[in-house]
Every structure is written in structure tokens, then in C-alpha cells.
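Fold and contact review
Read off the chains here:
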Amino acid sequence: FWANPRMVWALAAVGVATCAVLVAVTRVSQAPAPHARRLSVGEVISGAVTGLRSGALWISVVAASSGVAPYLLWQKVVSTDGLLALVIVGVLMAGAAWCGARLQATQVGRSVRLEVVVAMNALLVIGFGLVDWVPAACVLFLVHVALQTLTAVRVYGLFQESVRDDVRATMTSVSSLADSGLTAAGSFLAGALMARFGAPWAMMVSVALYALLIVLLAVRGSRATGGDDE
């Protein structure tokens with residue numbers, strides 16, 4: 001990008017073309033697919049409508065959208081738009097996300113209740129919007145990225161466990177579509193609040209989504225205890 005902005009897209013195109021060539025020339029042995037009855041369109045729609053009543057679906061939608069404010073506005077909060085700073089923060093974000101994913105593989109990551117992780121993320125986002133010292137804001141943001149990744153891993157597993165195989169692809173598409181819509185609305189609201197009132201109020205968009213996520217998790221937990229995990 002420093003040399004020529006168009007080179008970014010050219011390199012991406014080369015990467016895609018390389019993948020296409022590898023797919024074409026590489027033979028991968030695959031296990032035979034299990035025989036399954038082909039579903040009609042009506043059955044798929046019926047299954048999707050039934051899936052809309054699943055708490056796990058809406059938990060996945062809200063969880064995927066919950067980090068919208070800090071992810072959208074972190075450059076404004078830390079007051080940077082230089083390319084070198086973006087590269088450095090991007091690498092640090094990738095490292096934080098890796099740490100969050102690895103944390104799930106540890107006993108600590110598996111034992112902490114998901115509601116606690118979400119509440120911690122809400123507090124981190126509040127602090128991120130309030131802190132004026134840039135190094136402290138960066139630390140809060142990176143810890144948030146790690147816990148947001150941990151939340152995403154946990155919720156994705158919850159979603160996959162709760163969806164029937166015959167409508168899994170449909171429900172995954174529904175979840176992605178709903179997540180995109182909620183993220184778009186949250187981005188518009190966070191941007192408007194940032195422009196009018198500043199970062200602390202903009203972060204409240206994510207805090208509200210985290211609060212909603214905790215409620216959804218609590219409701220699902222109570223239903224599971226009562227014998228209904230939907």
C-alpha cells in the first residue's frame with residue numbers, strides 16, 4: 001500500500017489464483033459421504049423456521065455482533081491513522097486473538113462461565129472508551145480482542161451442538177445474515193454516538209449487546225436445567 005494502493009488487490013488476486021491452481025492439481029482423498037435423504041425446499045424452510053426458535057441461534061448472532069463498537073472505532077480512540085501503526089496493531093490483534101483461542105484449550109478457559117467472560121468484556125469496553133492514555137487503551141483493547149475470540153469459540157461450539165444436521169447449512173446462513181444486519185445497525189449507531197457524544201457513549205452499543213448476550217445465556221441455561229435446551 002505504501003508503494004501503490006492497487007498492489008494490495010493485485011497480491012490478493014495472485015493469492016486467490018494460486019489457491020485455484022492448487023485445488024485443481026492437488027488430489028485429496030475423501031471418505032465417502034454418508035447417504036442422506038435429499039430434503040425438499042419446504043422441509044428446509046420448515047427446519048429453518050423451527051431453528052429460529054433456538055436460543056443458540058440468537059446467542060450466536062448477538063455474540064458475533066457484540067464487539068462492533070471497539071472494532072469499528074479503535075483507530076479513533078487511540079488517535080492513529082498511520083500505516084505503520086495499523087500494521088503494528090494488526091499484528092498485535094492477531095496475536096491477542098490467537099491467545100484467546102488458545103485459552104479455550106486450557107482448563108481455565110474451559111472452566112470459566114461464559115457469562116463471566118462476557119461481563120469482563122463489557123467492563124473492558126467501558127474502560128476502553130473512558131481511558132485517555134493511549135498505551136492503557138491499547139492494552140484494554142487487546143485483552144478485549146482475546147476475550148472476544150474466546151467468546152466466539154465458545155458460542156460457535158454451542159451453536160453447532162444445538163443445530164440439527166439436516167438444517168445446519170441453512171441455520172449457519174441465517175446466523176450470518178442476522179449477524180450482518182445487527183452489525184450494520186450497531187455500526188451506524190456507534191458511529192453516530194461517537195460523532196455526537198464521544199467514545200464512552202459509542203462503546204455503550206457493545207455494552208448493551210453484551211448485556212443482552214448475558215440475558216440470553218441465562219435464559220438458555222435455565223431452560224436447559226428445566227429439560228429444554230432450546
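Everything below is about the structure printed above this text.
Residues numbered from 1 in each chain as written. Predicted model: local features only at pLDDT ≥ 70, side-chain atom pairs only at ≥ 80, totals over all residues. Heavy atoms only, no water.

1. A few points about the overall build of the protein chain
- Helices and strands together make up the secondary structure of the protein chain, namely eleven helices and zero strands.
- Listing every helix and strand of the protein chain by position from the N terminus yields α-α-α-α-α-α-α-α-α-α-α.
- Looking at the protein chain residue by residue over its 230 residues, the buried ones come to 33%.
- Considering only residue pairs separated by 6 or more positions, the protein chain has 80% of its internal contacts joining residues 24 or more positions apart.
- If you sum the accessible surface of the protein chain, you get close to 14,000 Å²; carbon and sulfur atoms cover 69% of it. (Helix = DSSP H or I, 4+ residues; strand = E, 2+ residues; numbered from the N terminus. Buried < 20%, exposed > 50% of the residue type's maximum accessible area, 1.4 Å probe, protein only. Contact = heavy atoms within 4.5 Å. Areas by Shrake-Rupley, 256 points an atom, 1.4 Å probe, with all protein chains shown as cover.)

2. Focus: the nonpolar core
- Counting 35 residues, the largest nonpolar core has Trp 74, Phe 128, Met 203, Leu 213 and Leu 217 as the members making the most contacts within it.
- Among the elements of the structure, helix H3 (55–65), helix H4 (68–77), helix H5 (83–104), helix H7 (114–130), helix H8 (134–162), helix H9 (168–197), helix H10 (199–202) and helix H11 (204–225) are those that each provide at least two residues to this core.
- Contacts of Trp 74, omitting those with residues within four sequence positions, involve Thr 80, Leu 86, Val 89, Met 93, Phe 128 and Phe 141.
- Listed in part, the six residues of the second largest apolar core include Val 61, Phe 159, Val 163 and Met 171. (Core = buried A, V, L, I, M, F, W, Y, C linked by side-chain atoms within 4.5 Å.)

3. Some remarks on the packing of aromatic side chains
- Scanning the model with the defined rule gives four aromatic pairs in all.
- Aromatic pair Trp 74 and Phe 141: ring centres 5.9 Å apart, planes at 20°, arrangement stacked. Remark: Phe 141 occurs in helix H8 and Trp 74 occurs in helix H4; sequence separation between them is 67 residues. Of the two residues, Trp 74 and Phe 141, neither departs from the other in class, the shared state being buried. (Phe/Tyr/Trp six-rings, centres within 6.5 Å; stacked < 30°, edge-to-face > 60°.)

4. Some details on H7
- An ideal rise of 1.5 Å per residue puts 24 Å on 17 residues; H7 measures up with 25 Å between its terminal C-alpha atoms.
- Of the positions making up H7, those classed as buried are Leu 114, Glu 115, Val 117, Val 118, Asn 121, Ala 122, Leu 124, Val 125, Gly 127, Phe 128 and Gly 129. (Expected span 1.5 Å × (residues − 1).)

5. Let's talk about the environment of Ala 137
- By secondary structure assignment, the location of Ala 137 is in helix H8.
- Judged by its relative accessible area of 2%, Ala 137 falls in the buried class.
- In the structure, Ala 137 is positioned ten residues away from Gly 127 in sequence and 7.7 Å away in space, judged by C-alpha atoms.

6. A few points about the packing of H3 against H9
- One way to put it is that H3 packs onto H9 with a least axis distance of 9 Å and a crossing angle of 40°. Here H3 lies oblique to H9, going by the angle between them. Relative to H9, H3 is oriented so that their crossing is right-handed. The segment H3 lies against H9, with Leu 57, Trp 58, Ser 60, Val 61, Val 62, Ala 64 and Ser 65 engaging Met 171, Val 174, Ser 175, Ala 178, Asp 179, Leu 182 and Thr 183.
- Residue classes in the contact of H3 with H9 are distributed as nine nonpolar, four polar and one charged. (Axes fitted to C-alpha atoms, helices over the stretch in contact; angles between N-to-C directions. Parallel < 35°, antiparallel > 145°, perpendicular 65-115°, else oblique. Left-handed = near helix turned anticlockwise from the far one by under 90°. Nonpolar A, V, L, I, M, F, W, Y, C, P; charged D, E, K, R; others polar.)

7. Re the environment of Leu 150
- Relative to the helices and strands, Leu 150 resides in helix H8.
- Given the relative accessible area of 2%, Leu 150 is considered buried.

8. Regarding the side chain of His 144
- Following the sequence through the fold, His 144 ends up in helix H8.
- Setting aside chain neighbours within four positions, we find His 144 in contact with Gly 67, Pro 70, Tyr 71, Asn 121, Leu 124, Val 125 and Tyr 210.

9. Quick notes on the side chain of Ser 66
- Locating Ser 66 in the fold gives a position in the loop between H3 and H4.
- Overall, the relative accessible area of 0% leaves Ser 66 in the buried class.
- A distance of 2.8 Å separates a polar side-chain atom of Ser 66 from the backbone oxygen of Ala 63.
- Not counting residues up to four positions away in its chain, the partners in contact with Ser 66 are Gln 148, Ser 206, Leu 209 and Tyr 210. (Polar contact = N/O pair within 3.5 Å; in protein donor to acceptor, adjacent residues only side chain to side chain.)

10. So, a nonpolar patch on the surface
- A surface patch of nonpolar side chains, about 650 Å² in accessible area, is lined by Trp 2, Leu 84, Val 87, Ile 88, Val 91 and Leu 92.
- If you trace the backbone, Leu 92 turns up in helix H5.
- Looking at Leu 92, the relative accessible area reads 44%, which means it is partly exposed. (Patch = residues over 30% accessible without salt bridge, like charges linked within 9 Å, V, L, I, M, F, W, Y side chains within 5 Å. Salt bridge = Lys/Arg side-chain N within 4 Å of Asp/Glu carboxyl O.)

11. Digging into the environment of Thr 151
- Relative to the elements of secondary structure, Thr 151 occurs in helix H8.
- Here the alpha-carbon distance between Thr 151 and Gly 109, two residues 42 residues apart in the chain, equals 10.0 Å.

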